[in-house]
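# Structural features, examined
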Amino acid sequence: MSEDEKKNKSSNRIDDKQRFNYIGFEVFPGTPKDLFTSEAEKAKYVDSLVARRNKGELIREDCTLMEERVSTLDRAILSIACVVILISLFFPWYSVYNAVEEVYEAPAEAVADSLGLASTDSLSMAVSADMQNDSATTLATTENASEGNTDNNQTSSASSGSSTEEVLHGYVAKKKINNVYEHVAGIGGLLAIGSVGSYLFSSGFILILTGVIVILLTLLSIGLPIYTLYGIWGVKGTADQRALTLKKILKLSWAPLALFVFAMFLSLFGAEYSFDAESMYTSLGESYSIGVFLDSLSWGILVMLGASILVAAKGSEI
C-alpha cells in the first residue's frame, strides 16, 4: 500500500468527539457535561461502589437481567386460568333451539290499536254505529216488502231507533314465536358422541371434520390445563430451565384457538345434512352454514377460549 493511500485512509477516520456523538445517537450534540456536579458527589458515588464490591455485589442495582422470568404472581394467574378452562367444561358450550308458535288473545286495547282507534270507547261507538246501520237497512227492506203495513213499519222503526248501545270486549288472536333452548356442556358434548355421532359423521366431509375438531377441542381443554399446571409447579431445574420449559408448554395453548378458527373456516363452505335436522331442531336449518355454526355456540366455549389465549399470551412474554 502506497504512502498516499495510507494518508487518505487515516484522514477519513473520525475523531473521538465524532465517535462519541455517533454512539450516543446525538444525545450530546455538543461537548458533554460532567456527570457529577462536584468532586464531593463523585467521591460519594465511588465510595458506594467500592462498598458494594467489598460485599461481593458485582451487579448494579435494579438490574432486570437478574429478575425472575416467571414471578409468583404470574404463576398464580396462570394457575387460575387453567382452573377456569377445566371448570368451563361444565358450562354450556353448545345450544340448539326449537321455534314454538304460541297463539294468544289480545285485549280490547290491542284490538283498538290494531284498528287505528284511540280507545276502547271509540271501538264501542264504531260497533254501535254498525249495529244502527244494520237496523236501518233491515227497516228499509221491510218497508219495501210490505207497503200496506205502515203501523208495523213504524213500530219496527221506533224499535230500531231505541236500541241500546252495547260495549263489546273484543279479542284478537295473535301469534308469537318462542325459542325453546337446549344447552349442552363441553364435557356433555363429548359424552353425546354416541348418540349424535351417527348423524354427524354421516353428513359429508365438512361435518365429519368439524366433529373431529370439536372432539379435539374438548380433549385439549382437559389435557392442556393439567399439563400447564405441571409446567408451572412440577418442573425441576434452575429458574431459567423451568422458565424455558414452561414457555414451550404455554405455546401449546394456542391450539384451541387455531382449531376453533379452522372449524369456523370450514363452516363457510357449508354442507348438506344426511337427516332432517330442521325437524329435530329449528336452529339447525335445512343445511349447515356459518350461521348455524355461530348460532350453535354458547358462552362456555368463549370462556374457555379467553382463558386459553391468556395462558398462551404469557408464553410469548417469557
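Residues numbered from 1 in each chain as written. Predicted model: local features only at pLDDT ≥ 70, side-chain atom pairs only at ≥ 80, totals over all residues. Heavy atoms only, no water.

### Here we look at the overall build of the protein chain
Note the threshold: Per the convention used, a helix needs a DSSP run of H or I reaching at least four residues, while a strand needs a run of E reaching at least two, with both numbered from the N terminus. Buried means the residue's accessible area, taken with a 1.4 Å probe over protein chains only, is under 20% of the maximum for its type, while exposed means over 50%, and partly exposed covers the values in between. A 1.4 Å probe and the Shrake-Rupley method give the accessible areas. Residues count as covered only by the protein chains that appear here.
Scanning the protein chain from terminus to terminus reveals 15 helices and four strands. Across the 318 residues in the protein chain, those meeting the buried criterion constitute 26%. In the form shown here, the protein chain has an accessible surface area of approximately 21,500 Å², with 60% of it arising from carbon and sulfur atoms.

### A short note on the pattern of salt bridges
Two side chains with opposite charge may pair up if their charged atoms get near one another. We apply this condition: Each salt bridge in this description consists of a side-chain nitrogen of Lys or Arg and a carboxyl oxygen of Asp or Glu lying within 4 Å of one another.
If you walk through the whole model with that rule in mind, you get three salt bridges. A salt bridge links Glu317 to Lys314, with the shortest nitrogen-to-oxygen separation between them at 3.2 Å. Residue Glu317 and its partner Lys314 are both found in helix H15 (residues 299–317); the two are separated by three residues, about one turn of the helix. Through salt bridges that share partners, Asp74, Lys314 and Glu317 make up one connected network.

### Details of the side chain of Thr218
Note the threshold: When checking whether two residues touch, look at their non-hydrogen atoms; a contact exists if any pair is within 4.5 Å.
Topologically, Thr218 is positioned in helix H10 (residues 205–233). Under the relative-accessibility criterion, Thr218 is labelled buried at 1%. In this structure, Thr218 is in contact with Leu89, Trp93, Tyr94, Gly186 and Leu190, ignoring residues within four places of it in sequence.

### Overview of the nonpolar core
We count it as follows: Definition of nonpolar core: a set of buried residues of the types Ala, Val, Leu, Ile, Met, Phe, Trp, Tyr and Cys, connected through side-chain atoms within 4.5 Å.
One finds Trp93, Tyr273, Tyr288, Ile301 and Met304 to be the most contacted residues of the largest nonpolar core, which totals 25 residues. Taken together, the elements giving at least two residues each to this core come down to strand E1 (92–106), H10, helix H12 (255–267), helix H14 (290–295) and H15. Leu78, Ala81, Ala243 and Val311 belong to the second largest nonpolar core, which has nine residues in total.

### Brief notes about a nonpolar patch on the surface
Rules: Note that patches include only residues with greater than 30% relative accessible area and no salt bridge, and the join distances are 9 Å for like charges and 5 Å for nonpolar side chains (Val, Leu, Ile, Met, Phe, Trp, Tyr).
On the surface, a cluster of nonpolar side chains totalling about 370 Å² of accessible area is made up of Phe201, Ile208, Val212, Leu216 and Leu219. Within the element layout of this structure, Leu216 appears in helix H10.

### Observations concerning the packing of aromatic side chains
What counts is decided by this rule: Stacked, tilted and edge-to-face are the three classes applied to pairs of Phe, Tyr and Trp rings, where Trp contributes its six-membered ring and a pair requires centres within 6.5 Å; stacked means planes under 30 degrees apart, edge-to-face means over 60, and tilted covers the rest.
Applying the stated rule across the entire model yields nine aromatic pairs. Ring geometry for Phe36 versus Tyr45: centroids 5.7 Å apart, planes at 45 degrees, classification tilted. Since its relative accessible area comes to 44%, Tyr45 is described here as partly exposed. Judged by centre distance (6.1 Å) and plane angle (70 degrees), the ring pair of Trp93 and Tyr94 falls under edge-to-face. Tyr94 sits in the buried class, given a relative accessible area of 18%. An aromatic cluster is built from Tyr199, Tyr273 and Phe275, whose rings are joined through pairwise contacts.

### Topic: H10
Two residues of an α-helix separated by three or four positions point the same way, owing to the 3.6 residues in each turn. To be explicit about the condition: Each helix should span, by expectation, one fewer than its residue count multiplied by 1.5 Å. In this scheme, the bend at a residue equals the angle between the axes fitted to the seven residues that finish there and the seven that begin there.
In this model, H10 (29 residues) spans 42 Å end to end at C-alpha, consistent with the 42 Å of a helix rising 1.5 Å per residue. Remark: the principal bend of H10, roughly 30 degrees, maps to Leu220.

### Describing the packing of H12 against H15
Our working definition: Only the stretch in contact is used when fitting a helix axis, every axis being a line fitted to C-alpha atoms; angles between N-to-C directions are given from 0 to 180 degrees. Convention used here: angles under 35 degrees read as roughly parallel, angles over 145 as roughly antiparallel, angles from 65 to 115 as roughly perpendicular, and any remaining angle as oblique. Asp, Glu, Lys and Arg are counted as charged, while Ala, Val, Leu, Ile, Met, Phe, Trp, Tyr, Cys and Pro are counted as nonpolar; the rest, among them Gly, fall into the polar class.
Between H12 and H15, the shortest axis-to-axis distance is 8 Å and the interhelical angle comes to 135 degrees. Comparing the axis directions of H12 and H15 gives the class oblique. In this structure, H12 contributes Pro256, Leu257 and Phe260 to the contact, and H15 contributes Ile301, Met304, Leu305, Ser308 and Ile309. Of the residues belonging to the contact of H12 with H15, the class tally is seven nonpolar, one polar and no charged.

### Remarks on the environment of Ile232
By secondary structure assignment, the location of Ile232 is in helix H10. As a C-alpha pair, Ile232 and Arg242 span 10 residues in sequence and 8.1 Å in three-dimensional space. With residues near it in sequence (within four places) discarded, Ile232 still touches Arg75, Leu78, Ser79 and Leu246.

### Here we look at the side chain of Lys247
Counted only if it meets this: Charge convention: Lys and Arg are scored as positive, Asp and Glu as negative, and His as well as the terminal groups of each chain are ignored.
Structurally, the position occupied by Lys247 is in helix H11 (residues 239–251). The side chain of Lys247 sits in the buried core without any salt bridge; Glu317 is the nearest counter-charge, 9.4 Å away. Those residues in contact with Lys247 that sit more than four places away from it in its chain are Gly315, Ser316 and Ile318.

### Topic: the environment of Ser289
On the secondary structure map, Ser289 appears in the loop between strand E4 (287–288) and H14. Here the alpha-carbon distance between Ser289 and Gly270, two residues 19 residues apart in the chain, equals 4.4 Å.

### Some points on the environment of Tyr181
Note that Tyr181 resides in strand E2 (residues 172–185). Tyr181 sits in the partly exposed class, given a relative accessible area of 41%. Along the backbone, Tyr181 and Tyr281 are 100 residues apart, and their C-alpha atoms lie at a distance of 9.4 Å.

Honestly, that's just the spatial picture; any functional story needs more than this.
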